[in-house]
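Residue-level structural notes
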Amino acid sequence: MWALTLLLLASIARAVTPNAMLRAMPILPKFSVPNGTVLPNITTIYYFDQLINHNNPGLGTFQQRYWMNLEFYKPGGPIILMTPAEDNADGRNIFLTNFSITGLIAQQQNGAAILIEHRFFGYSNPYDNLTSQSLALLTIQQAIDDIAYFATTADLPMPGGDAVKPGQAPWILVGGSYSGALVSYTMVNKPGIFWAGYASSAVVEAITDYYDYFTPIHEYMPQNCSSDIQAVIAYLDGMYAANDTAGIQTLQEAFSLGGLKHVGDFATAREWQSMQPDDGPGSMFYEFCDALEVKGGVNAGPDGWGLDHAIKSWGNYWNTTYYHYICHDQDAETCLGSFDPTDIYWTNISVDNANRSWFWMVCNQEGFYRVGPPEGQPAVVSRILQPSFYERECVYMFPEAFASPPNTPTAKTNAMYAGWNVNVSRLFFANGLRDPWRGVTVSADGLNKPNATNMPIYMSDGLHCSDMFMYNGVVDPTVAAVQEAGLMYMKEWLAEWKPSAS
């Protein structure tokens, strides 16, 4: 039922984990260093005895998985640490190679690259389930403490690996999206451990009603497509405000979604269309816009074709293309309905369930509910979608923790970890102009945070975490400029490092 919602939630990770590229990536050979030692394959899994609860070490430890690449390492070089955060870290080995900014920093600086799995994601779990009781130990602070404890106590499986802790060697923390925010949060909360940080599309400002997610999408999608989407959304919202249930039912039936029991699920089904206007002609997003805007070989003007044509063509595209893509042979309620608290999506407590783990953080600390905008602003997503729609889901998924929809304490999160007010030396921020998540980064519209040499803030024309992957710099010179600046600052800052321990 949740293929659609998962597509929406995946937007935070989509650019960070390009699965299609990973599948196409050639298997890397084993590399040899001058002394003849054969380096371990970068798919080799190591295990670190991580504290279950940093506030109560007596509870013992769990095995936290990590991976390493020593291809570029030379004694005296830095340790570059990254977590892919809200996902299983298997298959994320690209972040250890010079296909990524992490690996390129390692190559430039003769460093070792390490990828560590976030607690309660993948198979790095303190407990063998994801109940609310277990997930009580899934917090931003515990994740920060994990990173710090690893850096300060791990004896790395490499020559001299017991003598490269902070103070003995410079450590650099790298991340993108939520893991980019973790870079900022960690350097705020644990100063002095990491000499430098690189934070890509770092979602540092927790927020409940994140309607600005759709602002860059509205601004950079084809204008005629945006106009027609807005017309349909306004029509739906107008009927909802007037309690015109018959009209809503007729509209749902145009999309063969008459069987959906709740209009909120219908509104969510509309949301996917605005997700990724970055793939270029031939992508599914532009296929959809062409379906709306090309009629008889003629492309609509900036105002689109209007409501009637938009409903007909949008419904036809949904029925002939996208519904089967996400729902296969399921009926509409089974595929898209979200109001049955007994559904396995809400009750599955098995490990390696990234959506459940991430949603715990969303409900408790992060918010990030992608909702319709206030009245008077362009709407490419329905205003039916408000924080209450998603907060209800917190109760469904975690009834032991929430007897009623929570008011996610985002202000507390921002107070603890600085949010937009971060001011940390040797922290490089990289953002993308067209990133839907830009509104919660330090490049948010109206924030006007200064670009300083001690905390540089660079922005490309790219999207979410575009600068994390070197191939994006090949096709977009603005992304390349950000990557080059990041590498330059890492080089300058590492040249200033001096050991403080032997």
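How each quantity is defined
Here the residue numbering is sequential within each chain, running from 1 through the sequence in written order. The predicted origin of the model limits local features to residues at a pLDDT of at least 70 and limits the giving and counting of side-chain atom pairs to 80 or more, whereas totals for whole chains, interfaces and linings rest on all residues. Excluding hydrogens and water, the side-chain values take into account all heavy atoms of the structure. Note on terminology: disulfide denotes any pair of cysteine sulfur atoms within 2.5 Å. Categorising residues by exposure relies on relative accessible area from a 1.4 Å probe, with only protein chains included: less than 20% of the type maximum marks a residue as buried, more than 50% marks it as exposed, and the intermediate range marks it as partly exposed. Strands here are runs of E lasting at least two residues and helices are runs of H or I lasting at least four, both read from the DSSP assignment and numbered beginning at the N terminus. Working definition of a nonpolar core: buried Ala, Val, Leu, Ile, Met, Phe, Trp, Tyr and Cys residues. They are joined through side-chain atoms within 4.5 Å. Residues count as neighbours in contact if any of their non-hydrogen atoms are within 4.5 Å of one another. The rule for a salt bridge is simple: a side-chain nitrogen of Lys or Arg has to be within 4 Å of a carboxyl oxygen of Asp or Glu.

Counted by the stated rule, this structure contains three disulfides. Two residues, Cys327 and Cys335, share a disulfide whose sulfurs are 2.0 Å apart. Because the torsion about its S-S bond is -80°, the bridge between Cys327 and Cys335 counts as left-handed. Judged by its relative accessible area of 1%, Cys327 falls in the buried class. Put simply, Cys363 and Cys394 are joined by a disulfide, and their sulfur atoms are 2.0 Å apart. Here the S-S torsion is close to -95°, and the disulfide linking Cys363 with Cys394 is therefore left-handed. Taken together, the residues span a long stretch of sequence, with Cys363 in helix α16 (residues 354–366) and Cys394 in helix α17 (residues 387–397) at a distance of 31 residues.

Okay, the nonpolar core next. One finds Phe150, Leu156 and Phe429 to be the most contacted residues of the largest nonpolar core, which totals 117 residues. Ranked by residue count, the leading element in this core is helix α13 (residues 307–327), at nine residues. Excluding residues that lie within four positions of it along the chain, Phe150 makes contacts with Phe48, Gln50, Tyr66, Leu81, Ile114, Ile116, Leu156 and Trp171. Counting 32 residues, the second largest nonpolar core, distinct from the first, contains Trp67, Ala106, Ala113 and Val482.

This paragraph deals with the pattern of salt bridges. If you walk through the whole model with that rule in mind, you get eight salt bridges. A salt bridge links Arg392 to Glu393; its shortest N-O distance comes to 3.5 Å. The two residues Arg392 and Glu393 agree in class, both being buried. The shortest N-O distance in the salt bridge between Arg438 and Asp445 comes to 2.7 Å. The exposure class of Asp445 is exposed, given its relative accessible area of 56%. When salt bridges with common partners are traced through the structure, they connect Arg65, Asp90 and Glu117 into a single cluster.

Within helix α4 (residues 101–109), seven of the nine residues are buried, which leaves the element mostly enclosed by the surrounding structure. Within α4 the residues assigned to the buried category are Ile101, Thr102, Gly103, Leu104, Ile105, Ala106 and Gln109. Just downstream of α4, Asn110 is the residue with a positive phi angle, here 60°.

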